[in-house]
Amino acid sequence: MAETTITHAAPFARYSLRARTPQALEQVTGLKLPRKINNARGDVICLGPDEWLALLPDGAKLNMGDGLPVSIADISYRQIGIVIEGPRAVELIAAGCPLDVARIPVGYATRTIFELVEIILWRQAETRIHIEVWRSFAPWLCEALQRSSVD
Amino acid sequence: MFLIHCPYCDEKRPENEFAYAGEAHIARPADPSALDDKDWESYLYIRANPRGRHHERWRHIHGCGRFFNAVRDTVSDKFESTYKAGEPRK
Ligand SMILES: [Zn+2]
């Protein structure tokens, strides 16, 4: 059986995008934003009614919209990405996440928790889940995922 | 584990993604300096604390991040409904 791997994702330019409307952010950044909460479109996730997370290629720069009623913040170094890939990907996350992970469709992405640690979970394929986690929680989370993979 | 319907995500989500935030529909006084101590005490500290149907605020803090309102029975602990902040009392 193919192995399930837990690896660090490549570095991203991460931007937190906040505004009352997605149109305001699209005008400033030129990005296309998903409209449905808890869904990803391209490399942008809609986390809430006024909040998006963009995971852009490392080094990408966005127009910050100075003076406009938008909040665009570079959070590249606040969190890291962890990729879980393989036939047991869902099972490893389900060990600590209270969502019904097996029923989450591909393209679904949401903020949630793993045990007591807040994460962003993005199902990129049937057997591939991308996790974003704040740096200080990452060593614990990696350890917990490793342990659930040998259980 | 409870599942709570978040009116913004429009999904039932596990209770440990949520935080309780006290009684709902308590408006902050528009002109605080016009209040005497008694009114201020009542605004800050006095709550209905009913046995039964209770209107309360919740926040989907480990989810979409939004505050919303809920009607919950304090005896059975069952949620009757949830609705977006700013919508009229149910
Ligand atoms: Zn929500």
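Calculation notes
- Residues numbered from 1 in each chain as written.
- Chains lettered and ligands numbered in written order.
- Predicted model: local features only at pLDDT ≥ 70, side-chain atom pairs only at ≥ 80, totals over all residues.
- Heavy atoms only, no water.
- Pairing = 2+ DSSP bridges.
- Helix = DSSP H or I, 4+ residues; strand = E, 2+ residues; numbered from the N terminus.
- Axes fitted to C-alpha atoms, helices over the stretch in contact; angles between N-to-C directions.
- Contact = heavy atoms within 4.5 Å.
- Buried area = accessible area lost by both parts, 1.4 Å probe.
- Salt bridge = Lys/Arg side-chain N within 4 Å of Asp/Glu carboxyl O.
- Polar contact = N/O pair within 3.5 Å; in protein donor to acceptor, adjacent residues only side chain to side chain.
- Nonpolar A, V, L, I, M, F, W, Y, C, P; charged D, E, K, R; others polar.
- Donors = N, O, S within 2.8 Å, 3.2 Å for Na, K, Ca; no water.
- Tetrahedral: all angles 85-135°; square planar, octahedral: opposite > 155°, others 65-115°.
- Buried < 20%, exposed > 50% of the residue type's maximum accessible area, 1.4 Å probe, protein only.

A. A look at the sheet that holds strand β7 (residues 79-85) of chain A. All names here are of chain A. Taking strand neighbours across the sheet as the criterion, the five strands line up as β1-β7-β10-β9-β8 in an open arrangement whose pairing is antiparallel. Where the open sheet ends on each side, the last strands, each with one partner, are β1 (5-8) and β8 (109-114). Pairwise comparison of adjacent strand axes, ignoring direction, gives a mean angle of 30° for this sheet. In the packing of helix α3 (residues 138-150) onto the sheet, contacts are made with β1, β7, β8, β9 (117-125) and β10 (128-134), and the angle to β7 comes to roughly 10°.

B. Looking closely at the interface of chain B and chain A. Opposite the 14 residues of chain B that make contact, chain A presents 15 residues. Summed over both partners, the interface of chain B with chain A buries about 1100 Å², with 52% contributed by carbon and sulfur atoms. Scanning the region where chain B abuts chain A turns up one salt bridge. Put simply, B:Arg66 and A:Asp50 hold a salt bridge, and the shortest N to O gap is 3.6 Å. The tally of links between chain B and chain A comes to eight residue pairs in polar contact (both at pLDDT 80 or more). Looking at side-chain class alone, the side of chain B that touches chain A contains six nonpolar, four polar and four charged residues.

C. Fine view of the coordination of the zinc ion. Residue and element names in this part refer to chain B. On the protein side, the zinc ion has Cys6 (SG), Cys9 (SG), His60 (ND1) and Cys64 (SG) as donor atoms, found 2.0 to 2.4 Å from it. With four donor atoms in place around the zinc ion and angles of 105 to 115° between them, the coordination shape is tetrahedral. Within one chain, the residues serving as donors to the zinc ion are arranged as C-x2-C-x50-H-x3-C. Here cysteine 9 is found in the loop between β1 (3-6) and β2 (11-14), whereas its partner cysteine 64 is found in the loop between β4 (53-59) and β5 (67-73), with 55 residues between them in sequence. The pair formed by cysteine 9 and cysteine 64 is uniform in burial state, with each residue classed as buried.

Everything listed here is a matter of coordinates, which is why it stays silent on function.
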